[in-house]
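# Working through the structure, step by step
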Amino acid sequence: RESPQLSIVLPCYNEADILPAFIETVVLNARPMGLSFEVLAVNDGSSDGTGAVLDNLTQRIPELRVLHFSRNFGHMAALTAGLDHAAATGAVITMDSDGQHPPEMLPTLVERWKEGVDIVQTVRRETSDATLGKRASSFLFYYILNRLGDTPVVSGAADFRLMSRQAVDALKNLPEKARFVRGLVFWIGFKMEYVEFNAPARLGGHSKYNLRKMLRFAIDGITSFSTVLLRLSVGGGLIAVAAAVVYGLIIVFLYITQEGNLETGWSSLMLAVLFMGGLNLIAVGILGEYIGRIYSEVKNRPLYILRGNTQ
Ligand code: UDP
Ligand code: MG
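Below: a short report on this structure. This one's a predicted model, so the numbers in the text were calculated from it and none came from an experiment. (Residues numbered from 1 in each chain as written. Chains lettered and ligands numbered in written order. Predicted model: local features only at pLDDT ≥ 70, side-chain atom pairs only at ≥ 80, totals over all residues. Heavy atoms only, no water.)

## A short note on the coordination of the magnesium ion (ligand 2)
- The protein atoms that coordinate the magnesium ion (ligand 2) are Asp98 (OD) and Gln100 (OE1), at distances of 2.0 Å.
- Overall, the relative accessible area of 4% leaves Asp98 in the buried class. (Donors = N, O, S within 2.8 Å, 3.2 Å for Na, K, Ca; no water. Buried < 20%, exposed > 50% of the residue type's maximum accessible area, 1.4 Å probe, protein only.)

Here's what the structure looks like:
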């Protein structure tokens, strides 16, 4: 069939109970927009029959297309697969399949795109069912990410966004494997606008991000955009070496003036430990500098991205 103008990408992991109603709502909100579209559901190795539910839905919903992963590869992999396989010529929208990204906003995103915005990024203001722990860890994560990282990432910028074809192609051109999509979207540039929303509670089921997945996500995010941690030890090393030098001078002074009682052996040992420890830390930091450079070469991001002409 002919390529649609819009693709709506839905990563789905064990959402069998809510998908029929949710995809119905998506389609009902998308049809009146007056452009051709597909809903591309990515079944991320679900074990609850999500695959069969999706395959069945394709018989009722002609706009639905389904990709099945061979196992659970994770939310970022599902998003990436969706962007890779989206057939749309105009724009791609990604959204969660659990109802926390309201399909009623689809027309708003599309309108902004029609006005010439490349990336319409939604920003979550409130989440109805977020626990205090989740709020606090989210706040802390974005704080650290923005302090350490070199790409500013807006706090609460969810993976609910519209991207024009040229932005999607730019994102696909980033060859790195650890794909922290929320950061990469900011890295590629292009004209971006924000739309705020309040996230309702899930339609059903429970969050598919357990502690392990959340930690993986946070570590991927921070290491993808920062090599500060690699170089951190240089500072500590310099302080230790400086302390060793000062300490050495004090000992020599005390030795010459014969003041205080110098324990034999202790001072020289302390000096050696401080000094060698400091040198070690500095050496580790220098390695970090090189590893950081190797890392950046291996990520192999393009040096620049061109955008199309603006009429
Ligand atoms: N998801 C996925 N693979 C995973 C975990 C989650 O495709 O391994 C999907 C999930 O089905 C949902 C979206 O990613 O559509 C966000 O997950 P979830 O709602 O569980 O995260 P939360 O909203 O709790 O942060
Ligand atoms: Mg959710």
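## Examining the environment of Met192
- Tracing the backbone through its elements, the reader meets Met192 in strand β7 (residues 192-199).
- Along the sequence, Met192 and Met163 sit 29 residues apart, while their C-alpha atoms lie 9.2 Å from each other. (Helix = DSSP H or I, 4+ residues; strand = E, 2+ residues; numbered from the N terminus.)

## Focus on the site of ligand 1
- Residues in close proximity to ligand 1 total 18 residues, the closest being Glu15, Asp44, Asp98, Ser207 and Lys208.
- Between Asp44 and ligand 1, the recorded distance is 2.6 Å, taken from a side-chain N or O atom to a nitrogen atom.
- Starting from 530 Å² of accessible surface for ligand 1 in isolation, the protein chains cover 91%. (Near = heavy atom within 4 Å. Polar contact = N/O pair within 3.5 Å; in protein donor to acceptor, adjacent residues only side chain to side chain. Areas by Shrake-Rupley, 256 points an atom, 1.4 Å probe, with all protein chains shown as cover.)

## Overview of the packing of helix α5 (residues 132-148) against helix α8 (residues 211-225)
- Closest axis-to-axis distance for the α5/α8 pair is 9 Å, and the angle between their directions is 15°. Classed by the angle they form, the pair α5 and α8 counts as roughly parallel. The chirality of how α5 crosses α8 is right-handed. Touching Lys134, Ser137, Phe141, Ile144, Leu145 and Leu148 of α5 are Met214, Phe217, Ala218, Gly221, Ile222 and Phe225, all from α8. (Axes fitted to C-alpha atoms, helices over the stretch in contact; angles between N-to-C directions. Parallel < 35°, antiparallel > 145°, perpendicular 65-115°, else oblique. Left-handed = near helix turned anticlockwise from the far one by under 90°. Contact = heavy atoms within 4.5 Å.)

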